[in-house]
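What follows is each chain in one-letter form.
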Amino acid sequence: MSKGLIDLISILDLEQLEVNLFRGNSPKTSWQRVFGGQVIGQAMVAACRTVEGRLPHSIHCYFILPGDPQIPIIYQVERLRDGKSYSTRRVTAIQHGNAIFSIMVSFHADEEGAFNHQEKMPDVPPPEKLTAEEVSKQPMFKEMPEFIRRYYESDRPIELRPVELGRYFGQKIDDGRIHVWIRTAAKLPDDPALHLCALAYASDFSLLDAVMARYGRTLFDKRMMPASLDHAMWFHRPFRADEWLLYAQDSPSAQDGRGLTRGLIFKPDGTLVASVAQEGSVRQRK
């Protein structure tokens, strides 16, 4: 079993303290604050532990305070509704006695619908064309920033294969449309809820990059102070988070120190499995 799988499973495996009360831990990293996707994924796990026979179809959440990676996070679940077709849970993440994050999770029982349509998947190179071996053949690879080289070299819970590599060299993408292939680093158990939580974890990676791409900059620019403010996600069709998924992102607006980003997530066969929207703080350091 790879280190990446162990890390992700341990991140999403919460300890139940009491009815509706759970505790999660952060992996040992050099990060100064808890990764937003971690809190989303853990809070979803807490909500799923209180619902039987239904899977989440949407989440809406707010980041309130930065999380401290040195101490556990307490997740308190409120059972707001259990109807014939839908269930609703509110989860509050707590540290040092304060709420640092809040999420609403809606669950839906399976049912047949009269309508079925989806957006078309963008035409981009497949992940097999973006391996470390293939990318290393490009002249720009030697000049690639160290943090991008680590995408291909590090053993992390989520594998990332960016499509538009030129944006890491200052290339501006006028419409802000960027694409990243994502998947968990190793196979996950056959638990549909776990795959939903894993994709929610991964969905916070690189999303604000769509704002920066319009200006030929990245979130690793030391002049920037990026932070997620809120995050919404809708799950449309079944998928596995341990198989390649295309994360197509864009940014329709940025103003007043905030940027709005959107994402559509597709299976390689073109099936749309999830949609994401996020607003983040994109202020510059003074």
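Residues numbered from 1 in each chain as written. Predicted model: local features only at pLDDT ≥ 70, side-chain atom pairs only at ≥ 80, totals over all residues. Heavy atoms only, no water.

Colleague: Residues and numbers for the overall build of the protein, please.
Modeller: When helices and strands are tallied, the protein shows six helices and 12 strands. Taken over 286 residues, the protein has a buried fraction of 51%. Contacts in the protein between residues far apart in sequence, at least 24 positions, make up 70% of those at least 6 positions apart. Counting every atom, the protein has about 14700 Å² of accessible surface; 50% of that belongs to carbon and sulfur. (Helix = DSSP H or I, 4+ residues; strand = E, 2+ residues; numbered from the N terminus. Buried < 20%, exposed > 50% of the residue type's maximum accessible area, 1.4 Å probe, protein only. Contact = heavy atoms within 4.5 Å. Areas by Shrake-Rupley, 256 points an atom, 1.4 Å probe, with all protein chains shown as cover.)

Colleague: Mind laying out the pairing of strand 1 (residues 15-18), listing which residues take part and the relevant values?
Modeller: With three bridges connecting them, strand 1 and strand 2 (residues 21-24) associate as antiparallel partners. When the bridges of strand 2 are listed, Gln16 appears paired with Phe22. Here strand 1 folds back onto strand 2 in antiparallel fashion, the turn holding two residues, of which Asn20 has a positive phi close to 70°. (Pairing = 2+ DSSP bridges.)

Colleague: Outline the packing of helix 2 (residues 36-48) against helix 5 (residues 192-202), supporting the account with residue identities and numerical values.
Modeller: Working note: a packed helix pair is described by the angle between its axes plus the distance between those axes. Following both chains from N to C, one finds helix 2 and helix 5 inclined at 155°, their axes separated by 7 Å at the closest point. With respect to their mutual orientation, helix 2 and helix 5 come out roughly antiparallel. Here the hand of the crossing between helix 2 and helix 5 comes out right-handed. Across the interface between the two elements, Gly37, Gln38, Ile40, Gly41, Met44, Val45 and Cys48 of helix 2 pack against Ala193, Leu196, Cys197, Ala200 and Tyr201 of helix 5. Among the residues forming the contact of helix 2 with helix 5, the class breakdown is nine nonpolar, three polar and no charged. (Axes fitted to C-alpha atoms, helices over the stretch in contact; angles between N-to-C directions. Parallel < 35°, antiparallel > 145°, perpendicular 65-115°, else oblique. Left-handed = near helix turned anticlockwise from the far one by under 90°. Nonpolar A, V, L, I, M, F, W, Y, C, P; charged D, E, K, R; others polar.)

Colleague: Give a description of the side chain of Glu164 that names residues and reports values.
Modeller: Structurally, Glu164 can be placed in the loop between strand 7 (158-162) and strand 8 (178-184). Separated by 2.6 Å, the side chains of Glu164 and His179 make a polar contact. Excluding residues within four positions of it along the chain, Glu164 makes contact with Ile173, Arg177, Ile178 and His179. (Polar contact = N/O pair within 3.5 Å; in protein donor to acceptor, adjacent residues only side chain to side chain.)

Colleague: If you had to explain unusual backbone geometry to someone new, which residues and values would you point to?
Modeller: Peptide bonds are mostly trans, and most non-glycine residues show a negative phi. For Asn20, which is not glycine, the phi torsion reads 70° and is therefore positive. By secondary structure assignment, the location of Asn20 is in the loop between strand 1 and strand 2. Residue Asp256 is not a glycine yet carries a positive backbone phi of 55°. With respect to the secondary-structure elements, Asp256 resides in the loop between strand 10 (245-255) and strand 11 (258-266). Taking relative accessible area as the criterion, Asp256 reaches 69% and is therefore assigned exposed.

None of this, on its own, says anything about what the molecule does.
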